Amino acid sequence: MEIKIESTHLRDVVVLVPEIYEDSRGFFMESFRKDQFDALGLPSHFVQDNHSRSVKGVVRGLHFQWEPPMGKLMRVILGSAFLVAVDIRTGSPTLGKWFGIEASAANRRQVWAPAGFARGFCVLSEVAEIQYKCTGLYNSRAESGIRWNDPQIGIEWPVSEALLSDKDQRAQTLEQWLARPESHNFRFQPNS
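What you are looking at is a predicted structure, and each value in this text was computed from that prediction instead of being measured.

**Describing the sheet that holds strand 2 (residues 13-18)**
A sheet is described by the order of its strands in space; here six strands give the open sequence 1-2-10-7-12-5, paired in antiparallel fashion. What marks the edges here is a single partner per strand, and that holds for strand 1 (3-9) and strand 5 (48-55). The sheet shows a mean angle of 25° between the axes of neighbouring strands, taken without regard to direction. In this sheet, strand 10 (residues 110-113) lies alongside strand 2 in antiparallel orientation, the contact comprising three bridges. Paired with valine 15 across the two strands is valine 111, which belongs to strand 10.

**Digging into the pattern of salt bridges**
One pass over the full model with this rule turns up twelve salt bridges. Two residues, arginine 89 and aspartate 12, come together in a salt bridge whose shortest N-O distance is 2.5 Å. Of the two residues, arginine 89 is situated in the loop between strand 8 (80-87) and strand 9 (98-104) and aspartate 12 in the loop between strand 1 and strand 2; the sequence distance between them amounts to 77 residues. For glutamate 143, the salt bridge goes to lysine 167, with nearest N and O atoms at 2.9 Å. Taken as a pair, glutamate 143 in strand 13 (residues 143-145) and lysine 167 in helix 2 (residues 166-169) lie far apart in primary sequence, 24 residues in all. Within the structure, one salt-bridge network assembled from shared partners comprises Asp12, Asp87 and Arg89.

**Quick notes on the pairing of strand 3 (residues 20-23)**
A regular strand places its side chains so that they alternate between the two faces of the sheet. Here strand 3 runs beside strand 4 (residues 26-29); their pairing, made up of four bridges, is antiparallel. By the bridge assignment, tyrosine 21 is partnered in strand 4 with phenylalanine 28.

**Focus: the layout of surface pockets**
Its volume calculated, the largest pocket comes out at about 380 Å³. Around the largest pocket sit 20 residues that line it, and His63, Lys72, Tyr132, Tyr138 and Lys167 are the ones nearest its centre. Listed by contribution, the elements that provide at least two residues to the lining of the largest pocket are strand 5, strand 6 (59-65), strand 7 (72-78), strand 11 (117-123) and helix 2. Residue contributions to the lining of the largest pocket peak at five residues, all from strand 6. Taken together, the residues that form the lining of the largest pocket break down as six nonpolar, eight polar and six charged.

**Description of the packing of aromatic side chains**
A full pass over the atoms with the stated rule returns twelve aromatic pairs. An angle of 65° between the planes, with centres 6.4 Å apart, marks the rings of phenylalanine 82 and tryptophan 98 as edge-to-face. A residue pair is termed long-range when its members are at least 10 positions apart, and phenylalanine 82 in strand 8 and tryptophan 98 in strand 9 qualify at 16 residues. Residue class for tryptophan 98 comes out partly exposed when judged on its relative accessible area of 25%. Ring centres of tryptophan 177 and phenylalanine 186 lie 6.4 Å apart, and the angle between their planes is 45°; this geometry places the pair in the tilted category. Taking the relative accessible area as the measure of exposure, tryptophan 177 reaches 0% and is therefore buried. Every member of this aromatic cluster is reached through a ring pair, and the members are Phe32, Phe37, Phe46 and Trp112. Here the basic side chain of arginine 108 rests over the ring of phenylalanine 27, its NZ or CZ set 3.9 Å away from the ring centre. One residue, lysine 133, lies across the ring of phenylalanine 32, its end atom 5.4 Å from the ring centre.

Rules and cut-offs
- Residues numbered from 1 in each chain as written.
- Predicted model: local features only at pLDDT ≥ 70, side-chain atom pairs only at ≥ 80, totals over all residues.
- Heavy atoms only, no water.
- Pairing = 2+ DSSP bridges.
- Helix = DSSP H or I, 4+ residues; strand = E, 2+ residues; numbered from the N terminus.
- Axes fitted to C-alpha atoms, helices over the stretch in contact; angles between N-to-C directions.
- Salt bridge = Lys/Arg side-chain N within 4 Å of Asp/Glu carboxyl O.
- 1 Å grid on protein atoms, 1.4 Å probe; cavity = no way out; pocket = protein on both sides within 12 Å on 5 of 7 lines; lining within 4 Å.
- Points joined across faces, edges and corners; volume = space filled by probe spheres on them.
- Nonpolar A, V, L, I, M, F, W, Y, C, P; charged D, E, K, R; others polar.
- Phe/Tyr/Trp six-rings, centres within 6.5 Å; stacked < 30°, edge-to-face > 60°.
- Buried < 20%, exposed > 50% of the residue type's maximum accessible area, 1.4 Å probe, protein only.
- Lys NZ or Arg CZ within 6 Å of the ring centre and 35° of its normal.

Listed below in structure tokens is the structure:
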């Protein structure tokens with residue numbers, strides 16, 4: 001079985017598609033294989049798996065963590081969602097640019113976004129479950145978020161009204177984040 005890179009965006013955000021074996025009984029796929037991720041030049045050391053369930057219209061994010069830096073491999077295992085990654089790396093030629101894609105249990109797309117990207121999603125189906133593998137353990141003292149509808153970023157969300165947590169309603173703008181000293185933890189590395 002093989003996992004393939006379907007496309008690359010903003011230099012470092014990757015859409016992956018696993019090979020799937022289907023028959024009348026259902027399907028089987030490998031969503032992660034260390035050897036294949038290594039061969040593709042993607043991180044293969046994940047230390048935490050997260051699983052969330054949300055209803056239609058929920059927007060979660062745009063979240064990120066700087067200590068330890070956290071990259072995420074996201075996939076939808078039930079329903080469909082619009083997965084988003086925003087480059088927040090200082091000095092990056094794509095700083096403030098975003099990428100979004102509809103991922104679903106049916107199309108089995110996975111999105112890898114490394115540390116230095118704020119990530120989020122919007123639920124498109126009546127309910128969706130999203131799983132994500134993380135390269136860092138969660139640290140509430142070194143995590144933050146960017147406002148989902150920051151006009152400086154201009155994400156074209158598939159909803160005009162979002163169901164948000166209190167924390168996401170109070171999220172800062174990208175400009176406010178870049179004014180904080182912690183923002184320099186994410187510096188663009190031209191050779192990465």
